[in-house]
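Structure at a glance
So the chains spell out like this:
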Amino acid sequence: MSAQITAALLGLLLAGSILYLVRRDHLHGPYALWWLIIAAATLVLGFVPRTIDWLAHLSGVAYPPVLPIILGLSLILLRMLQLDIERSRQERQIRRLNQKLAILEEELTSLQNARLRTPKEPRGSSD
Amino acid sequence: MPEPIRHRCLAVMPARNEQATVAAVVRGVKAVLDCDVLVINDASSDQTATQAAAAGATVLTLPFQLGAWGATQAGMRYALRNQVATVITLDADGQHHPEQLPLLLAAHLRDHADVTIGACPERLSAAKRVAWAYFRLITGLRVTDFTSGLRVYGRRAIRALASREASLIDYQDIGVLILLRKKGLLINEAPTRMSPRSSGGSRIFSSWYTVLRYMIATTVLSIARVGGKSRPSPALLVTRRPQG
């Protein structure tokens with residue numbers, strides 16, 4: 001009985017933290033959805049541990065306690081893969097932004113220099 | 001709207017903390033070629049940008065360090081934006097001789113190549129020769145000098161290298177060549193002369209750790225890109241000796 005209380009407490013704690021973070025706007029869009037699903041799953045598993053037995057029976061796993069471990073590890077691996085894909089996409093964008101910023105800065109400087117050399121501009125500063 | 005700048009060619013030099021040599025290289029290039037010089041200051045902490053500008057180069061300053069290829073790609077994007085027909089890349093550390101540029105450019109135009117590598121296999125150590133033979137084997141590229149930063153790129157190569165696809169390349173050598181081959185572009189080599197770096201050693205071959213990282217990264221890249229479209233390259237021009 002006490003093991004079930006522990007499981008329920010852990011589930012409640014995790015789901016509570018996730019809900020708090022999502023509500024405080026610390027998790028952006030699609031991540032919020034993913035974590036809300038995880039929170040719901042931990043709540044269900046924490047309060048109704050029999051779900052595991054039922055799922056194990058359905059999937060033919062002989063020893064039900066390994067099922068959440070396997071599921072958890074697989075989800076972590078998938079999530080990490082997706083994170084690295086996302087990181088690569090951001091890295092590409094950051095590099096290109098960096099380059100574009102340098103190019104635009106150079107163009108701006110040369111335009112300003114060109115304008116300083118031709119003083120006929122009416123709204124140019126007087127110095 | 002100002003008239004777009006139309007150059008025939010642009011010399012692109014990535015530079016990071018090269019204040020001792022950059023000005024001399026810029027002047028050297030301007031003395032032998034009628035083209036603009038673009039120095040990409042890869043977030044240097046010294047006077048590289050001021051030195052280069054004083055020598056008459058246009059300077060792009062990257063807000064933070066991107067490495068040699070990231071800096072060179074900034075030059076490619078600048079070239080594409082300004083309708084440059086030919087880009088010549090060279091290092092700012094003085095190991096490439098500007099006098100060699102007209103010869104390399106002539107070879108590039110004569111052979112109608114998309115990229116011409118200025119090759120100087122004589123400078124390679126025994127360990128590098130082994131590494132290069134390994135790269136030839138796994139990439140299937142018939143190139144004698146992979147890491148030479150002295151290259152001439154034509155318009156099609158410039159377009160390919162300015163693309164998003166080229167932005168995640170980490171080293172300027174093999175990744176770039178594999179991409180160009182995939183696009184069906186003609187990779188050529190011409191012999192040239194180089195001298196040892198006047199300051200500092202090779203960035204890649206500076207420690208065993210970086211060598212290992214480089215070898216692994218390049219192997220992974222070659223395996224990931226295996227089976228790219230290839231076009232037979234003409235006989236490499238190794239029989240022609242460089243002059244002077």
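Let us look at the overall build of chain A. Looking only at helices and strands, chain A features four helices and zero strands. The linear arrangement of helices and strands in chain A, starting from the amino end, is α-α-α-α. In summary, chain A has a C-alpha radius of gyration of 28 Å against a globular reference of 14 Å for 127 residues, an excess of more than 25%. Its C-alpha atoms give chain A principal-axis dimensions of about 85 × 30 × 20 Å. In chain A, buried positions account for 7% of the 127 residues. Considering only contacts in chain A between residues 6 or more positions apart, those separated by 24 or more positions represent 43%.

A word on the overall build of chain B. The secondary structure content of chain B amounts to eight helices and seven strands. Of all 244 residues assigned to chain B, the portion counted as buried reaches 46%. Contacts in chain B between residues at least 24 apart in sequence constitute 78% of all its contacts with a sequence separation of at least 6.

For the rest of this paragraph, the subject is the packing of helix H7 (residues 174–182) of chain B against helix H8 (residues 208–224) of chain B. Residue and element names in this part refer to chain B. Contact geometry of H7 with H8 gives a least axis separation of 10 Å together with a crossing angle of 10°. Considering their axes alone, H7 and H8 lie roughly parallel with respect to each other. Of the residues in H8, those in contact with Ile174, Gly175 and Ile178 of H7 are Thr218, Leu221 and Ser222. Among the residues forming the contact of H7 with H8, the class breakdown is three nonpolar, three polar and no charged.

Burial along strand E3 (residues 58–61) of chain B is two-sided: Thr58 and Leu60 of chain B facing one way and Val59 and Thr61 of chain B facing the other are all buried. In the classification by handedness, the crossover that spans strand E2 (residues 36–41) of chain B, the intervening helix H2 (residues 48–54) of chain B and the parallel E3 of chain B is right-handed.

Here we take up unusual backbone geometry. In the Ramachandran plot, aspartate 25 of chain A falls in the positive-phi region, its phi being about 70° despite a non-glycine side chain. Take aspartate 25 of chain A: it is sitting in the loop between helix H1 (2–23) and helix H2 (29–47).

A word on the nonpolar core. Residue and element names in this part refer to chain B. Membership of the largest hydrophobic core comes to 66 residues, with the highest contact counts inside it found for Met13, Leu38, Val39 and Ile40. Considering each element in turn, this core owes the most residues, seven residues, to helix H3 (residues 67–81). With residues near it in sequence (within four places) discarded, methionine 13 still touches Val25, Val37, Val39, Ile40, Leu90 and Ala92.

Residues and elements named next belong to chain B. In this structure, alanine 52 sits in helix H2. The exposure class assigned to alanine 52 is buried, which follows from the 28 C-beta atoms found within 10 Å. Residues alanine 52 and valine 26, 26 residues apart in the sequence, show an inter-C-alpha distance of 6.8 Å. Setting aside residues no more than four positions away along its own chain, alanine 52 makes contact with Ala15, Val22, Ala23, Val26, Val39, Ala57 and Val59.

The next point concerns the confidence of the model for chain B. All names here are of chain B. Scored by pLDDT, chain B has a mean of 84; 85% of the residues are at 70 or more. Counting interchain partners and residues more than four positions distant, the pLDDT-below-50 stretch residues 1–7 has eight contacts. Predicted confidence for residues 230–244 stays below pLDDT 50, and this span has 25 contacts to residues more than four positions away or in other chains. Confidence estimates for the predicted assembly give a pTM of 0.81 and an ipTM of 0.81.

This next bit is on the sheet that holds strand E4 (residues 86–89) of chain B. Hydrogen bonds along the backbone pair up the strands of a sheet, which may run parallel or antiparallel. Residue and element names in this part refer to chain B. Overall, mixed pairing links the seven strands, which are arranged E3-E2-E1-E4-E6-E5-E7 in an open sheet. In this open sheet, the two edge strands, each paired with only one partner strand, are E3 and strand E7 (187–191). With direction set aside, neighbouring strand axes in the sheet form an average angle of 20°. The pairing of E4 with strand E6 (residues 151–153) spans three bridges and is antiparallel. Looking at E6, one finds that isoleucine 88 is bridged to valine 152. Of the strands in this sheet, E4, strand E5 (115–119), E6 and E7 touch helix H4 (residues 101–110), which is tilted by about 140° from E5.

Glancing now at the interface of chain A and chain B. Counting residues at the interface gives twelve residues for chain A, matched by 17 residues for chain B. Per-class residue counts for the side of chain A that touches chain B are three nonpolar, three polar and six charged.

This paragraph deals with the packing of H1 of chain A against H2 of chain A. Residue and element names in this part refer to chain A. It is at 8 Å that the axes of H1 and H2 come closest, and there the two elements cross at 160°. By the angle class used here, H1 and H2 are roughly antiparallel. Where H1 crosses over H2, the two elements pack in a sense that is left-handed. Taken together, the residues of H2 that come into contact with H1 (itself represented by Ala7, Ala8, Leu10, Gly11, Leu12, Leu14, Ala15, Ile18, Leu19 and Val22) are Ala32, Trp35, Leu36, Ile38, Ala39, Thr42, Leu43, Leu45, Gly46 and Phe47. Looking at the contact of H1 with H2 residue by residue, the class counts come to 17 nonpolar, three polar and no charged.

Let's shift gears to H7 of chain B. Residue and element names in this part refer to chain B. In terms of residue burial, H7 counts as a mostly covered element, since seven of its nine residues are buried. Every buried residue belonging to H7 is among Ile174, Val176, Leu177, Ile178, Leu179, Leu180 and Arg181, and all of these are buried. Here the buried face of H7 lies against E5, helix H5 (126–139), helix H6 (155–162), E7 and H8. Backbone geometry just downstream of H7 places glycine 184 in the positive-phi region, at approximately 75°.

Moving on, we get to the pairing of E5 of chain B. All names here are of chain B. For E5, the buried fraction is high: five of the five residues fall into the buried class. With burial as the criterion, each face of E5 is covered, one bearing Val115, Ile117 and Ala119 and the other bearing Thr116 and Gly118. One ladder, built from three bridges, connects E5 with E6; its direction is antiparallel. Paired with threonine 116 across the bridge in E6 is valine 152. Here E5 pairs with E7 via five bridges, running parallel. For valine 115, the partnering residue across the bridge sits in E7 and is isoleucine 187.

Basis of the calculations
Residues numbered from 1 in each chain as written. Chains lettered and ligands numbered in written order. Predicted model: local features only at pLDDT ≥ 70, side-chain atom pairs only at ≥ 80, totals over all residues. Helix = DSSP H or I, 4+ residues; strand = E, 2+ residues; numbered from the N terminus. Rg over C-alpha atoms; globule rule 2.2 N^0.38 Å. Buried ≥ 20, exposed ≤ 12 C-beta atoms within 10 Å, placed from the backbone. Contact = placed C-beta atoms within 7 Å. Axes fitted to C-alpha atoms, helices over the stretch in contact; angles between N-to-C directions. Parallel < 35°, antiparallel > 145°, perpendicular 65-115°, else oblique. Nonpolar A, V, L, I, M, F, W, Y, C, P; charged D, E, K, R; others polar. Right-handed = clockwise from strand over helix to strand, strands pointing away. Core = buried A, V, L, I, M, F, W, Y, C linked by C-beta atoms within 7 Å. pLDDT = per-residue confidence, 0-100. Pairing = 2+ DSSP bridges. Left-handed = near helix turned anticlockwise from the far one by under 90°.

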